[in-house]
Amino acid sequence: MCFMSSVLHPYLDKFVIVFIDYILVYSKNEVEHVKHLTTVLRLLREHQLYAKLNKCSCFQTEVHYLGHVVSKEGIVVDPEKIRSIMEWVAPKSVDEVRSFIGMVGYYRRFIKNFS
């Protein structure tokens, strides 16, 4: 991850996100996306890094990434994650309450009326 981040550093948070061995390339339109993909693939080749074709997905309008759904509308939490929280059995002890709060705390900004 550190090496890929250093290779792609000039473009991180401009049109590339790197997490472990995942590379997410995002763009405003298809023409821009082709340029971004070309840049990223060129840099990977120059540094002898390779992407497996069967793990690549290009020109997606919506991507499930690290428990979130990223689209042109913005970033929302994956509905599967929220559903499991909404169906959670009510905690019956202090330890269970702490465990539940710890689990859902990350998603609080995505859940209306969380408090």
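### Things to note about the overall build of the chain
Thought 1: Of regular secondary structure, the chain possesses 4 helices and 5 strands.
Thought 2: The order of α-helices and β-strands along the chain, N terminus first, is α-β-β-α-β-β-β-α-α.
Thought 3: Here the chain has a C-alpha radius of gyration of 18 Å; the compact-globule value for 115 residues is 13 Å, and the former is much larger.
Thought 4: Each principal axis of the C-alpha atoms in the chain carries an extent, and together these give about 55 × 30 × 25 Å.
Thought 5: Per-residue burial over the chain gives 25% buried out of 115 residues.
Thought 6: Taking the intrachain contacts of the chain between residues at least 6 apart in sequence as the baseline, contacts between residues at least 24 apart amount to 32%.

### A look at the environment of Ile111
Thought 1: Among the secondary structure elements, Ile111 is positioned in the segment after helix 4 (94-104).
Thought 2: For Ile111, a relative accessible area of 16% gives the class buried.
Thought 3: Spatially, the C-alpha atoms of Ile111 and Leu41 are 37 Å apart, while their sequence positions differ by 70 residues.
Thought 4: For Ile111, the contacting residues outside a window of four places in its chain are Ile82 and Ile85.

### Looking at the sheet that holds strand 4 (residues 68-71)
Thought 1: With respect to topology, 3 strands assemble into an open sheet ordered 3-4-5, the strand pairing being antiparallel. Sheet topology places strand 3 (62-65) and strand 5 (74-77) at the edges, where each strand pairs with a single neighbour. When strand polarity is set aside, the average angle formed by the axes of neighbouring strands in this sheet is 25°.
Thought 2: As paired strands, strand 4 and strand 5 are joined by 4 bridges and run antiparallel to one another. Bridging across to strand 5, Val70 finds its partner in Ile75.

### A word on unusual backbone geometry
Thought 1: For Asp13, which is not glycine, the phi torsion reads 65° and is therefore positive.
Thought 2: Relative to the elements of secondary structure, Asp13 occurs in the loop between helix 1 (2-8) and strand 1 (16-19).
Thought 3: Notably, Phe59 is not glycine yet its phi reads approximately 60°, a positive angle.
Thought 4: In this structure, Phe59 sits in the loop between helix 2 (30-46) and strand 3.

### A look at the packing of aromatic side chains
Thought 1: Scanning all chains against the criterion turns up 2 aromatic pairs.
Thought 2: Both rings, one in Tyr11 and one in Phe15, keep their centres 5.0 Å apart while their planes meet at 40°; by these two values the pair is tilted.
Thought 3: The exposure class assigned to Phe15 is buried, which follows from its relative accessible area of 8%.
Thought 4: Measuring from centroid to centroid gives 5.8 Å for Trp88 and Phe100, while their planes differ by 45°, and the two rings are tilted. One end of the pair, Trp88, is in the loop between helix 3 (79-86) and helix 4; the other, Phe100, is in helix 4, with 12 residues separating them in the sequence.

What counts and how
- Residues numbered from 1 in each chain as written.
- Predicted model: local features only at pLDDT ≥ 70, side-chain atom pairs only at ≥ 80, totals over all residues.
- Heavy atoms only, no water.
- Helix = DSSP H or I, 4+ residues; strand = E, 2+ residues; numbered from the N terminus.
- Rg over C-alpha atoms; globule rule 2.2 N^0.38 Å.
- Buried < 20%, exposed > 50% of the residue type's maximum accessible area, 1.4 Å probe, protein only.
- Contact = heavy atoms within 4.5 Å.
- Pairing = 2+ DSSP bridges.
- Axes fitted to C-alpha atoms, helices over the stretch in contact; angles between N-to-C directions.
- Phe/Tyr/Trp six-rings, centres within 6.5 Å; stacked < 30°, edge-to-face > 60°.

Geometry only, nothing functional implied.
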